[in-house]
Amino acid sequence: MTGQPGRTGRGGGQAGAGDLLALVRTGRATTRGALQQATGLSRATVGQRLDRLFRAGWLREGAGGPVDSPLGGRPSITLEFDDAHAVVLTADLDTRHARAAVLSLTGEILAEHSGTLAVEDGPDAVLGELGGWFAELLEKAGHRADEVCGIGLAVPGPVDSETGRVIQPPIMPGWDGYDIRSRLSRAFTERTGAAPVPVLVDNDANLMAYGEQRTGYRDCSAFVLVKVSTGIGAGVVVGGEIFRGVDGGAGDIGHIRVGSEALCRCGSHGCLAAVASGGAVARRLAETGVPAASGSDVRDLLDAGHPGAAALAREAGRQVGDVLATVVTLLNPGVLMIAGDLAGTSFLTGVRELLYQRALPRSTARLDVVTSRLGDRAGLVGAGAMVVEHLYAPARVEERLLALGV
């Protein structure tokens, strides 16, 4: 008997090995019988395609499931995605600091490191340094370099997702149009001796939003995260996918004009980031004699209960909340998450004051305004999820299986 056309196959064709893996990974079908029912494939065809996934080391058998038949019989063997066959490397760049990690394929952080790394030093130096961090982290995590299946990088600027290059980034001098993927892949190979692996790059707010939505708000169909640190940016996840716009510029709310004459780092006057970012608050504090040069300095002052920092953070929150009233009205999200250096009580209070005052009640009736759950790890987790979803997408699975010879 030949298999019927697979109901989950791409382009109306039969479901391939990648489609079966997707069903198992998402929990929609975790037994051979369930896969037959979901795809319309014959038992033999399902068995052949699963065999390829087993030989690649991507699937394993779990415990027996319940017996579905009223006549009894042996329990069905469940199938599980084997997350132990590879690891992912990720890094999250800020203007003056960076974090890097080794993650499992299910998003567990196995080892991590943070330290000073200034984007103004340029992409060649920064990405070369990350290669060294990755080599040390793999040793710390007890994994070989040849176990790495991909690298994900979060950067504080707009990214063209097709090329992985940043496009006219306001706070990343020297990075515009730079081939980040090739340089980081080369740095990894130079420092570990391993073969090149795929490198994916996206905006930091996008990946923070993706990490937070996937780990804590999977049922939220419209999710917005606003990162307020040295600059201001937003990540939007709609229907479980990052919304990037036509060339990666979606969510760049820090450069919406708000009627001020303050000079922004992008060269324009009156941008939201020029008056309400962590950098802007730091400058205002410095003008009063308080030592502060960046958003992270403001965060330290807020953690210490500094009254002047708290007052300015609340004022900045009101300015951001005024802009977010329009964002909420346009996107109608279920969750609005505030993250970054200023994401504390004072700033959140200011956001809520103006947001609920300016937005229509219809837009906020089912809105949850919250702060980050993952904190500084959100970008790392989101970058790891981006790599895994890319490498284990059905079409990519078929390509990789063929490359492995299975």
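Residues numbered from 1 in each chain as written. Predicted model: local features only at pLDDT ≥ 70, side-chain atom pairs only at ≥ 80, totals over all residues. Heavy atoms only, no water.

1. Description of the overall build of the protein
Okay, step 1: On a plain count of helices and strands, the protein comes out with 14 helices and 14 strands.
Okay, step 2: At 23 Å, the protein has a C-alpha radius of gyration in line with the 22 Å of a compact globule built from 406 residues.
Okay, step 3: Its C-alpha atoms give the protein principal-axis dimensions of about 80 × 55 × 35 Å.
Okay, step 4: Within the protein, buried positions represent 51% of all 406 residues.
Okay, step 5: Restricting to contacts in the protein with at least 6 residues of sequence separation, those with at least 24 account for 61%.
Okay, step 6: Counting 39 positive and 45 negative side-chain charges, the protein places the averaged centre of each group 6 Å from the other. (Helix = DSSP H or I, 4+ residues; strand = E, 2+ residues; numbered from the N terminus. Rg over C-alpha atoms; globule rule 2.2 N^0.38 Å. Buried < 20%, exposed > 50% of the residue type's maximum accessible area, 1.4 Å probe, protein only. Contact = heavy atoms within 4.5 Å. Lys, Arg positive; Asp, Glu negative; His and termini not counted. Charge placed at Lys NZ, Arg CZ, Asp CG, Glu CD.)

2. Re the sheet that holds strand β10 (residues 222-228)
Okay, step 1: Spatially, the five strands line up as an open sheet ordered β12-β11-β10-β13-β14, and their pairing is mixed. Since the sheet does not close on itself, it has two edges, and those belong to β12 (241-242) and β14 (368-371), each with one partner.
Okay, step 2: Pairing between β10 and strand β11 (residues 232-238): seven bridges, direction antiparallel. Along β11, the bridge assignment pairs alanine 222 with valine 238.
Okay, step 3: Each of β10, β11, β12 and β13 (335-339) touches helix α6 (residues 204-216); the most contacted strand, β11, lies at about 45° to it.
Okay, step 4: Helix α11 (residues 345-358) contacts β10, β13 and β14 of the sheet and is inclined by roughly 165° relative to β14. (Pairing = 2+ DSSP bridges. Axes fitted to C-alpha atoms, helices over the stretch in contact; angles between N-to-C directions.)

3. Comments concerning the nonpolar core
Okay, step 1: Val226, Ile232, Leu285, Leu324, Leu336, Phe347 and Leu355 are the most contacted members of the largest nonpolar core, which has 38 residues in total.
Okay, step 2: Listing elements by their share of this core, those giving two or more residues are β10, β11, α7 (272-276), α8 (278-287), α9 (295-303), α10 (307-331), β13 and α11.
Okay, step 3: When residues of this core are assigned to their parent elements, the largest contribution, ten residues, is made by α10.
Okay, step 4: With sequence-adjacent residues up to four places away left out, leucine 355 is seen in contact with Gly321, Leu324, Ala325, Val328, Leu336, Leu367 and Val369.
Okay, step 5: By size, the runner-up hydrophobic cluster in this structure holds 33 residues, among which are Val102, Leu137, Val148 and Phe188. (Core = buried A, V, L, I, M, F, W, Y, C linked by side-chain atoms within 4.5 Å.)

4. A short note on the packing of aromatic side chains
Think of a pair of aromatic rings as described by two things: how far the centres are apart, and how the planes are tilted against each other in angle.
Okay, step 1: Evaluation of the coordinates by the stated rule reveals three aromatic pairs.
Okay, step 2: On the numbers, 5.3 Å between centres and 75° between planes, the contact of tryptophan 58 with tyrosine 392 is edge-to-face. Taken together, the residues tryptophan 58 in the loop between α3 (43-56) and β1 (59-64) and tyrosine 392 in the loop between α13 (378-391) and α14 (394-404) connect sequence positions 334 residues apart. Side by side, tryptophan 58 and tyrosine 392 carry an identical accessibility label, which is buried.
Okay, step 3: Ring centres of phenylalanine 81 and tyrosine 392 lie 5.2 Å apart, and the angle between their planes is 75°; on these two criteria the pair is classed as edge-to-face. In this pair, phenylalanine 81 is assigned in strand β2 (residues 77-81) and tyrosine 392 in the loop between α13 and α14, connecting sequence segments 311 residues apart.
Okay, step 4: Clustering of aromatic rings is evident, with ring pairs tying together Trp58, Phe81 and Tyr392.
Okay, step 5: Its end group placed over the ring of phenylalanine 81, arginine 25 keeps NZ or CZ at 5.3 Å from the ring centre. (Phe/Tyr/Trp six-rings, centres within 6.5 Å; stacked < 30°, edge-to-face > 60°. Lys NZ or Arg CZ within 6 Å of the ring centre and 35° of its normal.)

5. Concerning the side chain of glutamine 213
Okay, step 1: Summarising the element assignment, glutamine 213 is placed in helix α6.
Okay, step 2: Its relative accessible area of 3% is what places glutamine 213 among the buried residues.
Okay, step 3: Here the side chain of glutamine 213 touches cysteine 220 through a polar contact of 3.4 Å, landing on its backbone oxygen. (Polar contact = N/O pair within 3.5 Å; in protein donor to acceptor, adjacent residues only side chain to side chain.)

6. Section: the pattern of salt bridges
Okay, step 1: Evaluated as defined, the whole model comprises 26 salt bridges.
Okay, step 2: One salt bridge connects aspartate 83 with arginine 60, and the closest N-O pair in it is separated by 3.8 Å. One end of the pair, aspartate 83, is in the loop between β2 and β3 (87-93); the other, arginine 60, is in strand β1, with 23 residues separating them in the sequence.
Okay, step 3: By relative accessible area, arginine 60 is classed as partly exposed at 32%. (Salt bridge = Lys/Arg side-chain N within 4 Å of Asp/Glu carboxyl O.)

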